[in-house]
Amino acid sequence: MSRSLRRGSIAAIAAIAIASLSSCAAGNTPDTLQIKPDNAAATIGTNLRLNNIVVVTGVGTSGDYTGPANVVVNISNTADTAAELQSITVGTSSATFADAAGAPLSSIVVPAGGSVVIGGQGNPSASLAAASVHIGGFAPTTFTFKDGQKVDAQAGVSPDSGENGRGLYKGFGPTPTAVPTKSATPASPAATPSAGATTPGATGTPSAGATTPGAPTTPVAGATPSATAPAAH
């Protein structure tokens, strides 16, 4: 084989190798595989782990937002004793706790050797009445436990995708406030007849001195009945 042919073969092999490596690199990037970065996580001591910390806002929200939101988090506890979460704050807004049925809770207990998911159907909830956040950004979030342990994290902020949408947090956002239905105005009561008006169908009372139709005439006291005078003879 001539020297020029050998050079051409080597160049072709090198080009194929570079192309293969390039395609592999492109196929393994987070963009092409659609791998999203993990949400915020935090560790308290050696026993408590907080995973997937997210503030979920209402359906269709975007940009700078102030309004209702829910905190979603998975807390695991590897200790031999239960841990008690006393508060969650996002910025300056404090969350209120409720159990899966919606009854208020003063705290949320994470059992020993177990875990608790906060947020979503069938789980306890942590609701914010008016959180000031930026959708798609991060919000400073603080978790405080009964034993005094506290952790600060930067929670991701994501909107609820709604029942007809797609997304990781479908159904995790705040429940829309129902708009009360305006009740119909009751019909006005029937007008009360004015004084002296005759009620339809009622028999009128005869006025004083009027003769009742069909009643016999009573003779006047002392009057002599008229007689026919006999003819004169």
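Refer to the preceding data block for the structure.
These numbers were taken from a predicted model, which means no experiment stands behind them. (Residues numbered from 1 in each chain as written. Predicted model: local features only at pLDDT ≥ 70, side-chain atom pairs only at ≥ 80, totals over all residues. Heavy atoms only, no water.)

Quick question: what am I supposed to make of the pairing of strand E4 (residues 83–90) here?
Side-chain direction in a regular strand flips from residue to residue, so the side chains alternate between the two faces of the sheet. Pairing analysis gives three bridges linking E4 to strand E8 (residues 108–110), with the strands arranged antiparallel. Counted as the bridge partner of Ala83 is Val110 from E8. Where E4 meets strand E11 (residues 138–145), five bridges bridge the pair, whose relative direction is antiparallel. Its bridge partner lying in E11, Leu85 is registered against Phe145. In the sheet, E4 pairs with strand E5 (residues 93–94) via two bridges, with the strands oriented antiparallel. Note on E5: the bridge partner recorded for Thr89 is Ser94. Following E4, the chain reverses through two residues before pairing antiparallel with E5; Gly91 in that reversal takes a positive phi of roughly 65°. (Pairing = 2+ DSSP bridges. Helix = DSSP H or I, 4+ residues; strand = E, 2+ residues; numbered from the N terminus.)

Honestly, the pattern of salt bridges in this entry has me stumped. Any pointers?
Tallying each qualifying case throughout the model produces one salt bridge. Two residues, Lys146 and Glu84, come together in a salt bridge whose shortest N-O distance is 3.7 Å. Taken together, the residues span a long stretch of sequence, with Lys146 in the loop between E11 and strand E12 (150–159) and Glu84 in strand E4 at a distance of 62 residues. Relative accessible area serves as the criterion here: at 25%, Glu84 is assigned to the partly exposed category. (Salt bridge = Lys/Arg side-chain N within 4 Å of Asp/Glu carboxyl O. Buried < 20%, exposed > 50% of the residue type's maximum accessible area, 1.4 Å probe, protein only.)

Help me understand the side chain of Thr142 in this model?
On the secondary structure map, Thr142 appears in strand E11. The exposure class of Thr142 is buried, given its relative accessible area of 19%. With sequence-adjacent residues up to four places away left out, Thr142 is seen in contact with Ser87, Ile88, Thr89, Lys150, Val151 and Asp152. (Contact = heavy atoms within 4.5 Å.)

What should I look at first to understand unusual backbone geometry in this one?
As a rule of thumb, non-glycine residues mostly have phi less than zero, and peptide bonds are mostly trans rather than cis. Even without glycine at this site, Asn52 takes up a positive phi of about 50°. Looking at where Asn52 falls in the secondary structure, it is placed in strand E2 (residues 48–57).

Please explain the packing of aromatic side chains as it appears in this structure.
Two measures describe an aromatic ring pair: the distance that separates the ring centres and the angle between the ring planes. For the coordinates displayed, the defined rule picks out one aromatic pair. Between Tyr169 and Phe172, the aromatic rings sit 6.3 Å apart at their centres with planes inclined by 85°, giving edge-to-face as the arrangement. With relative accessibility at 13%, the residue Tyr169 sits in the buried group. The partly exposed category is assigned to Phe172, whose relative accessible area is 23%. (Phe/Tyr/Trp six-rings, centres within 6.5 Å; stacked < 30°, edge-to-face > 60°.)

Explain the nonpolar core to me, please; I cannot follow it from the model alone.
Buried together is how nonpolar side chains tend to be arranged in soluble globular proteins. Grouped together as the largest cluster of nonpolar side chains are 34 residues, with contacts concentrated most on Ile75, Leu85 and Phe143. Considering every element that reaches this core, the biggest residue donor is strand E3 (residues 64–77), with five residues. Sequence-distant contacts of Leu85, that is, excluding residues within four places in its chain, are made with Ile75, Phe97, Ser107, Ile108, Ile118, Phe143, Thr144 and Phe145. (Core = buried A, V, L, I, M, F, W, Y, C linked by side-chain atoms within 4.5 Å.)

Geometry only, nothing functional implied.
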